[in-house]
Amino acid sequence: MIKKWSLFFVSMVMCIALTACQNADNKTNNNENEMISVTDARGEVKIPANPQRIVDISGNSDILSILGYSVIGTANSDAYDYTKLPTYLENTLKDAKILGYSMQDTMDIEGILSLKPDLIIISSVQEKMYEQLKQIAPTVMIELAQIDWKEDIKTIAKIMQKEDVANEWLRNYEAKALAVGQEAKAKYGEDVTYFPLLASGGQLFVFDSAGIGSVLFDDMGLKKPANLPAQTDISLPVISYEGLAQIDADYMVVIGTEADMQTLRNHTVYQNLRAVQNGKVMELPSSPYFNMGYSCIGRLLFLDEVMSVLGR
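What you are looking at is a predicted structure, and each value in this text was computed from that prediction instead of being measured.

Engineer: Honestly, the environment of Thr-263 in this entry has me stumped. Any pointers?
Structural biologist: Along the chain, Thr-263 turns up in helix H9 (residues 258-265). Put simply, Thr-263 and Ala-199 are 64 residues apart on the chain and 8.9 Å apart in space, counted from C-alpha to C-alpha.

Engineer: What is the right way to read unusual backbone geometry from this model?
Structural biologist: When glycine is set aside, most residues are seen to have a negative phi, and most peptide bonds are trans. A cis amide bond links Ser-287 to the next residue, Pro-288, at an omega of 20°. With respect to the helices, strands and loops of the structure, Pro-288 is situated in helix H12 (residues 286-292). Of note, Lys-116 is a non-glycine position whose phi angle comes to about 50°, a positive value. We note that Gln-161 has phi near 55°; this positive angle belongs to a residue other than glycine.

Engineer: Sorry, what's going on with the sheet that holds strand S4 (residues 71-74) here?
Structural biologist: Strands in a sheet are paired, the pairing made by backbone hydrogen bonds, and the direction either parallel or antiparallel. One open sheet accounts for 5 strands, arranged S5-S4-S3-S6-S7; its pairing is parallel. The sheet is open, and its two borders are formed by strand S5 (97-98) and strand S7 (139-142), each paired with just one other strand. Pairing between S4 and S5: 2 bridges, direction parallel. When the sheet's bridge partners are listed, Gly-73 is paired in S5 with Lys-97.

Engineer: It is not clear to me how the side chain of Ser-209 should be interpreted in this structure. Could you clarify?
Structural biologist: Relative to the helices and strands, Ser-209 resides in the loop between strand S9 (203-206) and helix H7 (211-219). Its relative accessible area of 17% is what places Ser-209 among the buried residues. At 3.4 Å, the side chain of Ser-209 and the side chain of Asp-208 are in polar contact. Leave out the neighbours within four places in its chain, and Ser-209 touches Ile-147, Ser-214, Asp-218 and Gln-231.

Criteria and thresholds
Residues numbered from 1 in each chain as written. Predicted model: local features only at pLDDT ≥ 70, side-chain atom pairs only at ≥ 80, totals over all residues. Heavy atoms only, no water. Helix = DSSP H or I, 4+ residues; strand = E, 2+ residues; numbered from the N terminus. Pairing = 2+ DSSP bridges. Buried < 20%, exposed > 50% of the residue type's maximum accessible area, 1.4 Å probe, protein only. Polar contact = N/O pair within 3.5 Å; in protein donor to acceptor, adjacent residues only side chain to side chain. Contact = heavy atoms within 4.5 Å.

Dropping the structure here:
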């Protein structure tokens, strides 16, 4: 009799355990298959609540990373070589397939198909691909801010329902940027001015409210020189050499390819700038530093090295 009860008890325990496992499996499957409604640049769209295979061609794979996602396809390639990742994202995106460059309006559609995504994220730059992409997987379109990179983080965080994560990251970033800015002011002076310049394709561009300019001025609180052209949209202000002569800064941070830098160095206007004559010019290679100031991860890493950059 005791033996029968023992067998019965064991059978009951096994049944309960099996049922619990099945319920857990069903719950997991339900979570993976759950869809939610979100609002993107085109309106309401249903996306997976917990996407596992994200393809991002909007150029915001770095933002998705700080929100806790890993992408399997990306367009966060280097602006000077679309076939590779910028060095500061090599670890973050090491497992992602490069599908193009985020400022291109078309991408590698066959590459996207081969990845079998469960969510695709694009920007308005790739809008003409929307109808084609939504046949592959739920597709979200982001309307990117012109020059406010923090708004892009908040926009994506809202869609992915990760606003708390984004806000915490931004608080930490802002505190670090302010601290590094105070360190620079303490070392070089409160009223020292900084001039971030891009030499590209024979033209000169000013970083004001975007790229490393916004890191220096908006985030670190460093001072701009007089006559610095103001930036009003995504395009960097272009200046002539005559305009360059009107900007008298204590320090210059110049980004460019070696060929562009050589052209700049050979110009008499550049040679006569006070920062140049005082040896206060920090030359940085276009790859990775052009992209760096447009990436949340890149900006964070730039804060880690900006003091050594200024001390060169």
